[in-house]
Amino acid sequence: MWKHLKPLPGTRPPDAGQPMMRLARVCNIDDLRKRALSVLPDPMLHYLEGGADDEQTLRRNREAFAAFDLIPHFLVDVANVDTTTEVLGQKLPIPLMLAPTGMSRLFHPQAELAVARAAAEHGTMFCLSTVGSETIESVAAVSNGPKMFQIYVLGDHGLNTEFISRARESGYDALCLTIDVPVGGNRERDVRTGMAIPPKFTWRSNLSFVTRPRWSLRQLFGPRFDLPIVSGHVPDKNASLAERMAYIFRQFDPSVTWKDAERMIAEWNGPFAVKGVLSPDDARQAIDIGATAVMVSNHGGRQLDTSPATIDALAEIVAAVDGQAEVIVDGGIRRGTDVIKALALGAKACMIGRPYLYGLTVAGQAGVSKALDIFTAEIYRDMALLGCRNVNEIGPRHIRRRPVSG
Ligand SMILES: Cc1cc2nc3c(=O)[nH]c(=O)nc-3n(C[C@H](O)[C@H](O)[C@H](O)COP(=O)(O)O)c2cc1C
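Model, not experiment: these values are computed from the prediction. (Residues numbered from 1 in each chain as written. Predicted model: local features only at pLDDT ≥ 70, side-chain atom pairs only at ≥ 80, totals over all residues. Heavy atoms only, no water.)

Caption draft 1: Region of the structure containing the site of the ligand. If you check the shell around the ligand, you find 25 residues, and the closest are P100, S129, Y152, T178 and D330. Interatomic distance of 3.3 Å between a side-chain N/O atom of H299 and a nitrogen atom of the ligand. Burial of the ligand by the protein chains amounts to 98% of its free accessible area of 590 Å². Here the ligand is seated within the largest pocket. The leading source of residues in the shell around the ligand is helix α17 (residues 354-386), at 3 residues. Classifying every residue of the shell around the ligand by side-chain character gives 9 nonpolar, 11 polar and 5 charged. (Near = heavy atom within 4 Å. Polar contact = N/O pair within 3.5 Å; in protein donor to acceptor, adjacent residues only side chain to side chain. Areas by Shrake-Rupley, 256 points an atom, 1.4 Å probe, with all protein chains shown as cover. 1 Å grid on protein atoms, 1.4 Å probe; cavity = no way out; pocket = protein on both sides within 12 Å on 5 of 7 lines; lining within 4 Å. Sits in = over half its atoms within 2 Å of the grid points. Helix = DSSP H or I, 4+ residues; strand = E, 2+ residues; numbered from the N terminus. Nonpolar A, V, L, I, M, F, W, Y, C, P; charged D, E, K, R; others polar.)

Below, the structure written as structure tokens:
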């Protein structure tokens, strides 16, 4: 049912046979994670897994889900469970989308192209990051599925206008503005491994490139690493990759305000999500400037440490939004039951970041597809077990915060 969108011809990666072997006996996202971590050299592993400061928010994103119980209701006819939903103007087969993640070529040479193809194959939405390793146009060329482009506001405001018109011309369905990066988060794992901007790898990191030959060979023979959406704008055309990356990350504008966001919404004039909302106040601001959706996100625990776990922040934000915008949530979602808990607390849909990057690392497009297959099967089964025939039936009666035993 959800594979209604046929993959474009030639969308299978060149090593299409092998990935299946690597994915054999992968039952869940944690299996996929373990395999991915066994492939990645230290700098990439910690860039993927790490969070800010003491990683409290990173941990809480996961732990907070365990504080909620799902309450099933039985003897409901669940012979046919409809997992579809509509969000940001797009009908999706499951209430789950692929969040924007920068620099995906660090995980697999096919990078965002593989992710976009897998998302299109499943009919779900992929969000391309401003700091993606493929262009706005090349992602659009391989995907006939729903697509969103994520903007960071850069110092050169002309760039935002350019991105908006390129996204429109390439047929993107929605735009998303990430608001939680006025400055970069303090990711100490990256400092330790040398995965900083510009990179300064340590001897231990260099050794890990040798002990992870599958990743190293793939990268050696794959396309050159770049951030092509933005790097064409670096003034010095002879700058090294490290210098170009340093230049790009200096362009993040810490003086951005809601006025800039409002201007962008007017410029885009279509479905628009504000990503990184953690307070009812910001949710209200987003609605006041005309956002279609509010994304409750703490950037996967990578920005302000000790900010709340997203599932804990959700109910209050849903109440503040009061039906005037869609609420989408990400952070720590690893199981179908996590998605259902979010929906029971009022979210319209969820997004995943690391889970699909694990799949990408292990087996490119087939790996991302596997992550989506896992979620699809889990969401379907969990809805049936909960006694829900469609996503609209999931509600407050299906969830409760576990009483503190004492
Ligand atoms: C490696 C990595 C890169 C990311 N890059 C971006 C980005 O470029 N833009 C953005 O808005 N969020 C970015 N995020 C945050 C994700 O969009 C998402 O909010 C987060 O990954 C959700 O948490 P999860 O990884 O636990 O699913 C990134 C996350 C990761 C793990």
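Having seen the model, we can carry on.
Caption draft 2: Here's a closer look at helix α14 (residues 280-288). Every buried residue belonging to α14 is among A283, A286 and I287, and all of these are buried. Projected onto a plane normal to the axis of α14, the buried residues spread over an arc of 100° and lie on a single side. More than 90 degrees from the buried face of α14, the exposed residues found are D281 and D288. The inward-facing, buried residues of α14 abut α13 (258-268), β8 (272-277), β9 (293-296) and α15 (310-321). A positive phi of about 100° marks G290, the residue just after α14. (Buried < 20%, exposed > 50% of the residue type's maximum accessible area, 1.4 Å probe, protein only. Arc of directions from axis to C-beta. Contact = heavy atoms within 4.5 Å.)

Caption draft 3: Local environment of the environment of Q150. By secondary structure assignment, the location of Q150 is in strand β6 (residues 147-151). Relative accessible area serves as the criterion here: at 1%, Q150 is assigned to the buried category. For the pair Q150 and L314, spaced 164 residues apart in sequence, the C-alpha separation works out to 21 Å. Non-local contacts of Q150, meaning those with residues more than four positions away in its chain, are made with P100, C127, L128, S129, T130, C176 and T178.

Caption draft 4: Main features of the layout of surface pockets. Each pocket or cavity is described by its volume, and for the largest pocket that value is around 940 Å³. In terms of lining residues, the largest pocket is bounded by 42 residues, among which Y47, R187, H299, R302 and Q303 are the most central. When residues in the lining of the largest pocket are grouped by element, the largest group, 3 residues, is from α17. Looking at side-chain class alone, the lining of the largest pocket contains 21 nonpolar, 14 polar and 7 charged residues. (Points joined across faces, edges and corners; volume = space filled by probe spheres on them.)

Caption draft 5: Representation of helix α7 (residues 157-169) in the model. For α7, spanning 13 residues, the distance from its first C-alpha to its last is 19 Å, which sits close to the expected 18 Å at 1.5 Å a residue. Of all the positions in α7, only L159, N160, F163, I164, R166 and A167 are classed as buried. For α7, the angular spread of the buried residues around the axis is 165°, confining them to a single face. Check the buried side of α7 and you find it contacts α6 (136-142), β6, β7 (174-178), α11 (228-231) and α13. (Expected span 1.5 Å × (residues − 1).)

Caption draft 6: Structural context of the pairing of β6. With 5 of its 5 residues buried, β6 lies for the most part within the structure. Every second residue of β6 is oriented toward a common face, with K147, F149 and I151 on one face and M148 and Q150 on the other, all of them buried. In this structure, strand β5 (residues 126-128) lies alongside β6, joined through 3 bridges in parallel fashion. Paired with F126 across the bridge in β6 is K147. Read from β5 through α6 to β6, the crossover connection turns out right-handed. As paired elements, β6 and β7 share 4 bridges and run parallel to each other. In the sheet register, Q150 faces β7, and the bridge partner there is C176. Handedness of the crossover joining β6 and β7 through α7 is recorded here as right-handed. (Pairing = 2+ DSSP bridges. Right-handed = clockwise from strand over helix to strand, strands pointing away.)

Caption draft 7: Representation of the state of the cysteines within the structure. For the structure shown, the criterion picks out 0 disulfides. Just so you know, C350 is unpaired, no disulfide at all, and the nearest cysteine sulfur is the one on C388, 14 Å from it. Take C350: its relative accessible area is 0%, and that puts it in the buried class. (Disulfide = S-S within 2.5 Å.)

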